[in-house]
Each structure stands twice: as structure tokens, then as C-alpha cells.
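The primary structure of each chain is shown beneath.
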Amino acid sequence: MWRLCVVGLATLYLATAGCAVVRPHERQNLARRSMIEDRPVGQSRFLQHQTGSREGADGGTGEPGGGCGCN
Amino acid sequence: MQLIARRPTVVAIAAGACWLAVAGSARADGELSMRGVYYKERATRVMQPMLDGSFEVGDHGAVTAHLLVDAITSASVAAGADGGEFTERRVEGGGTYSHELGVVRFGSQVRYSSEPDYKSTFGGPRLAAELFDRNLVLTASGTVGHDEISNAGAPPMVPRIEDTLTSYLGSIGVSQLLGANLVGAVTYDVSYLDGLQSNLYRSVIAAGAQVAERHPQLRTRHAVVGSLKWFVPASSTTLIAGYRRYHDDWGIDGHTPELRVIQDAGAGAAFGFRYRYHRQDQADFYQPRYDSSTLAFLSDDIKLSAFDSHTLAAHLEVVGEALGFEGRIGELRGQIVIEYVAQNNRFGNALVTHAALTVPFAY
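All figures in this text were calculated on a predicted structure; none of them were measured in a lab.

Trainee: It is not clear to me how empty space enclosed by the protein should be interpreted in this structure. Could you clarify?
Mentor: The probe, sized like a water molecule, is rolled over the atoms to show the empty space still left. In the structure shown here, the tally under the stated rule is six cavities of 30 Å³ or more. In this structure, the second largest cavity encloses a volume near 130 Å³. Along the wall of the second largest cavity there are 17 residues; nearest its centre are A:Arg39, A:Gln43, B:Arg260, B:Arg274 and B:His315. Tallying contributions element by element places strand E16 (residues 307–319) of chain B first for the lining of the second largest cavity, with four residues. Among the residues making up the lining of the second largest cavity, the classes are represented as seven nonpolar, four polar and six charged.

Trainee: Help me understand the interface of chain A and chain B in this model?
Mentor: Think of interface size as the accessible area that goes away when the parts come together; that is how it is often given. Taken together, the contact between chain A and chain B spans 53 residues of the former and 95 residues of the latter. Taking both partners together, chain A and chain B bury about 5,600 Å²; carbon and sulfur atoms supply 52% of that area. Among the ionic pairs, A:Arg39 bridges to B:Glu258, the shortest N-O distance being 3.2 Å. Taken together, the connections running from chain A to chain B amount to 21 residue pairs in polar contact (both at pLDDT 80 or more). Elements supplying a minimum of two residues to the side of chain A that touches chain B: helix H1 (2–17), helix H2 (33–36) and helix H3 (41–54) of chain A. Looking at the side of chain A that touches chain B, the element that brings in the most residues is H3(A), giving twelve residues. Of the residues belonging to the side of chain A that touches chain B, the class tally is 22 nonpolar, 20 polar and eleven charged.

Trainee: When you look at the packing of aromatic side chains in this model, what are you seeing that I'm missing?
Mentor: The description of an aromatic ring pair uses the distance of the two centres, along with the angle that the planes make with each other. Residues and elements named next belong to chain B. Counted under the stated rule, the structure contains six aromatic pairs over all chains. Pairing Trp250 with Phe285 gives two aromatic rings, centres 5.4 Å apart and planes at 70°, and the pair type is edge-to-face. In this pair, Trp250 is assigned in the loop between strand E13 (237–248) and strand E14 (253–264) and Phe285 in the loop between strand E15 (269–280) and E16, connecting sequence segments 35 residues apart. Both residues of the pair, Trp250 and Phe285, belong to the buried class.

Trainee: Hey, could you run me through a nonpolar patch on the surface in this one?
Mentor: All names here are of chain B. Together, Phe271, Phe273, Leu316, Ile336, Ile338, Tyr340 and Leu351 line one region of the surface with nonpolar side chains, adding up to about 650 Å² of accessible area. If you list the elements that add at least two residues to the nonpolar patch, you get E15 and strand E17 (333–343). With respect to the helices and strands, the residue Leu351 is situated in strand E18 (residues 350–362).

Trainee: Quick question: what am I supposed to make of the pattern of salt bridges here?
Mentor: Pairing is possible between side chains of opposite charge, provided their charged atoms come close. All names here are of chain B. Applying the stated criterion across every chain, the model contains 27 salt bridges over all chains. Glu317 is the salt-bridge partner of Arg333, the closest N and O atoms lying 4.0 Å from each other. Taken together, the residues Arg333 in strand E17 and Glu317 in strand E16 connect sequence positions 16 residues apart. The exposure class of Glu317 is buried, given its relative accessible area of 12%.

Trainee: Would you explain the pairing of strand E8 (residues 162–179) of chain B in this entry?
Mentor: Residues in a regular strand point their side chains to alternate faces of the sheet. All names here are of chain B. Summarising the sheet, strand E7 (residues 136–150) and E8 pair through 15 bridges and their orientation is antiparallel. If you follow Glu148 over to E8, its bridge partner there is Thr164. The turn joining E8 and strand E9 (residues 182–195), which pair antiparallel and follow one another in sequence, is formed by two residues.

Trainee: How should I be thinking about the pairing of strand E5 (residues 104–115) of chain B in this particular structure?
Mentor: Residue and element names in this part refer to chain B. Examined bridge by bridge, strand E4 (residues 86–101) and E5 share eleven bridges and lie antiparallel to one another. Across the sheet, the residue bridging to Ser98 is Gly107, located in E5. The turn joining E4 and E5, which pair antiparallel and follow one another in sequence, is formed by two residues; a positive phi near 65° is taken by Gly102. Hairpin connection between E5 and strand E6 (residues 118–131): a loop of two residues separates the two successive antiparallel strands.

Trainee: Please explain the nonpolar core as it appears in this structure.
Mentor: Inside soluble globular proteins, nonpolar side chains tend to come together where they are buried. A:Phe46, B:Val37, B:Tyr39, B:Val46, B:Met50, B:Leu68, B:Ile72, B:Val341, B:Ala350 and B:Val352 together form the largest nonpolar core, which totals ten residues. For this core, the secondary-structure elements that each account for two or more residues are strand E1 (29–41), strand E2 (44–57), strand E3 (61–74) and E18 of chain B. Excluding residues that lie within four positions of it along the chain, B:Ala350 makes contacts with B:Tyr39, B:Lys40, B:Glu41, B:Glu339, B:Tyr340, B:Val341 and B:Gln343. The next biggest cluster of nonpolar side chains, apart from the first, holds nine residues, and it includes A:Ala57, B:Tyr246, B:Trp250 and B:Ile252.

The rules behind the values
Residues numbered from 1 in each chain as written. Chains lettered and ligands numbered in written order. Predicted model: local features only at pLDDT ≥ 70, side-chain atom pairs only at ≥ 80, totals over all residues. Heavy atoms only, no water. 1 Å grid on protein atoms, 1.4 Å probe; cavity = no way out; pocket = protein on both sides within 12 Å on 5 of 7 lines; lining within 4 Å. Points joined across faces, edges and corners; volume = space filled by probe spheres on them. Helix = DSSP H or I, 4+ residues; strand = E, 2+ residues; numbered from the N terminus. Nonpolar A, V, L, I, M, F, W, Y, C, P; charged D, E, K, R; others polar. Contact = heavy atoms within 4.5 Å. Buried area = accessible area lost by both parts, 1.4 Å probe. Salt bridge = Lys/Arg side-chain N within 4 Å of Asp/Glu carboxyl O. Polar contact = N/O pair within 3.5 Å; in protein donor to acceptor, adjacent residues only side chain to side chain. Phe/Tyr/Trp six-rings, centres within 6.5 Å; stacked < 30°, edge-to-face > 60°. Buried < 20%, exposed > 50% of the residue type's maximum accessible area, 1.4 Å probe, protein only. Patch = residues over 30% accessible without salt bridge, like charges linked within 9 Å, V, L, I, M, F, W, Y side chains within 5 Å. Areas by Shrake-Rupley, 256 points an atom, 1.4 Å probe, with all protein chains shown as cover. Pairing = 2+ DSSP bridges. Core = buried A, V, L, I, M, F, W, Y, C linked by side-chain atoms within 4.5 Å.

Written out as C-alpha cells, the structure is:
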């Protein structure tokens, strides 16, 4: 089930990624704050700390956990 | 109370250090952000003031740094006291450096956290490559962490125990522009932990006796996150949908979908809402009640139980100009976040509030 999920996501991603090429002059909306940094770094860090100390299913943020003394 | 008295001093020292660090350099842009967080649930309160800075260094470099203090007040025995309410302080500092070299950005991060019974150090490299005219961004990072854990918060008659935890994290990600208003991203994390993963203060009632918690020494965790961000020009609305799937070799499976809406409300103002659902299975060895104390592993860790939670959050962001201010005050950015977490486990429901002020500057 786990592998199927990963393969499915990867296939979906590869299938959609090849469909579009967005040129620099078309990116004014992509450059908006909400599209780039949708959450300030301090808010993200606390959220990661909060879920890491309250949920056993942590991870997926690309950031290491630990250091919260929350064993 | 001692912490509350000292907190302004810590923030002032950090702000001064950041100012001195950037003074006298060539002209560049930076940002300094001050944030205070208050977390409250049935038996735990957390106050966390923090300071974040980001600075350009030369033409191609960027530095970020943060400093925070956690004041945790808890009535939980597992958190380090012997039944009564106690307050513990954690101090954390960290930073990143990244350097752009053509389409590649490489860098590193370090972080150190210290509290009386838990010291944690970790760091590692990061790499990002922007390909196909920046339509595709590939990211990779690796981190090694070393934690030193003790039961220093236990009463004096309890024998002292010290142990370590070593952790390794690998992460790869891909982000793709899917249209002029649409971005998709997928991130995969794998982490491997080796060392003490139980709580030195926590005990388990097993066959009528109180015995120390025992967790496996090793754990391998996998998580995949997929997200789509869509900007709707007609209403100036950003919709963000995400889904996280988690699995580890302790038997926990987790599903976490999330939906966010961010609405522009005129020049310099925005508000938003978030809903997050989390559901997880319990660890293979976790039992609400143990009939034998001789089992290899025993746990009273609520995080390892099966539960689900619902999170509802709202936020408001305003730039000074939107309130009629001009000049430097007009550039200030304020943020307020209110979040409510409904958890159907012993932690109970939680309320989280943030207040932040960001100051952009040139130097």
C-alpha cells in the first residue's frame, strides 16, 4: 500500500509536470507572497515542533526533528 | 517568573547582535521578525518568544538565524516533575547559509537546543537546483543529529540516568510550475533513529505494577507530502491543498490532509483559514493497558496511540501602509494567528495563538 502510494504520486507528478512550461513574464501571480512563502519561517518551525511533540506520525517537512525534549 | 523577567533581555541581546552583524556591510536587504507564541492545552502551557533574521550576504549568499526560548509549564509527570506543576526552559539557536551558483543553490544548516535534561545538536547540507528555466526545482538535504538525554528533573533520590539518541534524516523534493497560477510539489523524508526514544520520567502500569517505559532503540520513519498551490486571479485567492502519508517500522500509519485559503484584502492585507485533519494508527507495542510487565516494550506515550485530530486556524496579516502609516513604519508587517486543535486523546484540545512583527531593512 505504501509503495503503491509513492509510485502513484510519482506517476501523477511526472504526468502533469510535462504539460506546462511557464515563461518568466507569465509568473507575476506565482511571485506573490502567498504562493512563495505561504507561512513565515517562525510559524512553520513552531508548527513542526507542535506536531512533533503531539503526533507519532511526524515528518515530511524536509526538516529534522528532535531537540524538543518530547520523548 | 524568572523566565518572564529575563525574556526581554534575551530578545534585546539577540536584536542587538543581529544589528551589529549587519551594520557596516555593503548595501543589501534583510528582515528581522519577532514572534510570540502561546500554546495551551489541558495540562501544558508553552510560551515561546522567538527572533528570526534573514540577510543577504554578497551578491549570491543568504544567511538566516533564529533564537528562541520555550517556557513549558506542565502538570505532567512524563514531562519531568513528580506530580506537581513545574516550569522548564528550553533555549534554541540555529542558522542556515545558502549560496547561489548559477541554477544551483547549496548551503547548510545547524541548530542547537538546550534544556536541563535534553541537549540536541544537528546540522547538514542542502542542495537545490532550478531547472528548465526555473519551471522545475529539485531539492535534497541530509541531516545528522545527536541528542543527550538525562533524567535531571527527577527527585534527588532517583538514580541518575544518561543516554543518547542519534538521528539521520534524508529528504528529497521536487516542485513544478504547472501553469501561470499553479504549483505542485512533492517531498519525501526518511529518517533513522538510534538510541533512547522512551521518556526517562514516564512509567507504565503493567500487571498492577509501575514499571519504566521501554521503547525500541531503532526506528525508521517515512513520510511523503504532496501539495498544490493555486492562485485564483478573479478573487485574488490562494488555495493550498496538501496531503501527508506517514509510515514507520513501529507500525504507525498516518494520514494528514490539509486545506488552506489565503485571501488578499486590499493592498498589504491578507487573511486566511486552515483546516487540517490527522489520523494515525497505534504503534505495534502500544497498549492502553498491559497485563504483563515482562514484555520487551511498554509505552504510555500518547503520541504512539491511535487517535485523530482536527485543526481549525485563522490568520490576519497587515502591512503598515494598509493602516495609513508611511515610511519605515509603513513597511512593518504584522501577523496574528489563532488555532484550535481538537484531539481525541489524553492531551485534550489545544489553543494556539501567534503574534508577530516583521521589520524589513536595507544595510
